[in-house]
Amino acid sequence: MATGAGAAQATETEPAAPAHFAMPRNLTLLNLRREGGYGLGVKTQEGVLDVTAAGRALGLPYPADMDDLLQNGKGEVLSALVKASVEKAPKAHLLDDASIAYAPLVTRPEKIIMMGFNYKHHAEETGTPIPKNPPLFNKYNNALNHHGGTIKLPTAAAKEFDYETELVILFGRECRDVSEADALDYVAGYATGNDFSARDLQTLTSQFMIGKTSDGFAPLGPYLVTADLVKDPNNLRLETRVNGVQRQDWNTNDMIFNCRQLISFASKIMTLKPGDIFYTGTPQGVIFGEKKPRNERQWLKAGDEIACSLEGLGELKFKLV
């Protein structure tokens, strides 16, 4: 079913923040569905560590889920638990990949920031002037969706459905008025996302929002790869496949405003909080950019399967119903 994550709740009270606030490092992370709520997973060579199960069994503190990890700075708490689990029970709390129920990487961010027309060729294909400043907009938590999820198309309101695979930034430190030089120091990690869109609603008025934030319109995952493991976020291959056919194939080095510039710009307008997410725009290859009348284009429909990938960040898949 469609996955708007805002209404879901964690299954247990989150412990107080640790004395030392720290971002996660040297980890590939998942947000899991478990026991009616959420939990955290760590991808290892042997399988996915169930952080909740390991923490309970070892009697050690642990982050309740991804939001707890990022918003409360429990990077060192998580690292200690992973180390203890490897030393004391290396396989006792591992999940088989086939049994994992994915959740959106975050479920209760304060902000979901979106960037429009951030690749030169995408602006050109849609006839949009190259922006002089980043045109930012937003989605809401109801739009959050997960790897392996579905989007129930709002066909009573729209017909022109389209994909936008994007690099997503996840913040791990409070960020305000930062320089471009320092901007990436506030990033916890990166992920694959899709700014799913209803183009007829997007162009109904001068504001993008109504075409962007229907339930489930912000798939995100499957992994958060911590920032130290991503050498350069602006040199990653990006792909989209629809029903197995490649539609987008480009590189984040073609961004008009790179990740440093986007973060610095936004931080001068608002405080970016740990757990906030920033979708950085999509390259050319979307249906909206096709050079034919809109009523002749093959817009996405129920039954279509979308696969999105960013180099080193994993493949995000979802289906339309």
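Residues numbered from 1 in each chain as written. Predicted model: local features only at pLDDT ≥ 70, side-chain atom pairs only at ≥ 80, totals over all residues. Heavy atoms only, no water.

The UniProt entry for the protein chain carries the following text under Sequence similarities (unreviewed entry): "Belongs to the FAH family." (UniProt positions renumbered as here; feature names shortened; annotations may be inferred.)

Participant: For this particular structure, what's the right way to read the UniProt feature "domain: Fumarylacetoacetase-like C-terminal" (unreviewed entry) in the protein chain?
Facilitator: Mapped onto the present numbering, the UniProt feature "domain: Fumarylacetoacetase-like C-terminal" (unreviewed entry) falls at residues 111–320. The span residues 111–320 shows a helical share of 9% and a strand share of 31%, and its end C-alpha atoms are spaced 25 Å apart. (Helix = DSSP H or I, 4+ residues; strand = E, 2+ residues; numbered from the N terminus.)

Participant: For this particular structure, what's the right way to read the nonpolar core?
Facilitator: Among soluble globular proteins, nonpolar side chains are generally buried collectively. Core analysis: the biggest nonpolar cluster contains 51 residues, and M66, L78, L170, F196, I277 and L300 have the highest contact counts within it. Two domains each provide a minimum of three residues to this core, namely domain 1 (28–99) and domain 2 (112–320). Not counting residues within four places of it along the chain, the set of residues in contact with I277 comprises V106, K111, I112, I113, L144, V168, I169, L170 and L220. Among the nonpolar cores identified, the runner-up in size contains 34 residues, and I100, I113, A183 and Y186 belong to it. (Core = buried A, V, L, I, M, F, W, Y, C linked by side-chain atoms within 4.5 Å. Buried < 20%, exposed > 50% of the residue type's maximum accessible area, 1.4 Å probe, protein only. Domains from an automatic or database assignment. Contact = heavy atoms within 4.5 Å.)

Participant: Explain the pattern of salt bridges to me, please; I cannot follow it from the model alone.
Facilitator: Opposite charge on two side chains permits pairing when their charged atoms draw close. Scanning the model with the defined rule gives 24 salt bridges in all. With a closest N to O distance of 3.6 Å, D67 and R108 form a salt bridge. Pair noted here: D67 is in helix α2 (residues 66–71) and R108 is in the loop between β4 (94–95) and β5 (112–115), with a separation of 41 residues, a long-range link. A relative accessible area of 0% means that D67 is categorised as buried. A salt bridge links E315 to K317; the nearest nitrogen and oxygen atoms lie 3.5 Å apart. Overall, the relative accessible area of 31% leaves E315 in the partly exposed class. (Salt bridge = Lys/Arg side-chain N within 4 Å of Asp/Glu carboxyl O.)

Participant: Just checking my understanding: could you explain the packing of aromatic side chains for this structure?
Facilitator: Aromatic rings in a pair are described by how distant their centres are and how their planes are angled relative to each other. One pass over the structure, following the stated rule, counts five aromatic pairs. Here F117 and F208 contribute two aromatic rings whose centre-to-centre distance is 5.9 Å and whose plane-to-plane angle is 70°, an arrangement assigned as edge-to-face. On the criterion of sequence distance, the pair formed by F117 in the loop between β5 and α4 (120–125) and F208 in the loop between α5 (199–202) and β13 (218–219) is long-range, its members being 91 residues apart. F208 sits in the partly exposed class, given a relative accessible area of 23%. A centroid spacing of 5.4 Å and a plane angle of 80° characterise the contact between F137 and F208, whose relative ring orientation is edge-to-face. Residue F137 is found in strand β6 (residues 136–139), and its partner F208 is found in the loop between α5 and β13; the two are separated by 71 residues along the sequence. (Phe/Tyr/Trp six-rings, centres within 6.5 Å; stacked < 30°, edge-to-face > 60°.)

Participant: Looking at this structure, how should I read the sheet that holds strand β16 (residues 245–251)?
Facilitator: Think of a sheet as strands paired side by side through backbone hydrogen bonds, with each pair either parallel or antiparallel. In space, the five strands of this open sheet follow the order β8-β19-β18-β15-β16, with mixed pairing throughout. Only two strands of the sheet have a single neighbouring strand rather than two, namely β8 (149–151) and β16. Strand-to-strand twist in this sheet, taken as the mean axis angle between neighbours without regard to direction, amounts to 20°. (Pairing = 2+ DSSP bridges. Axes fitted to C-alpha atoms, helices over the stretch in contact; angles between N-to-C directions.)

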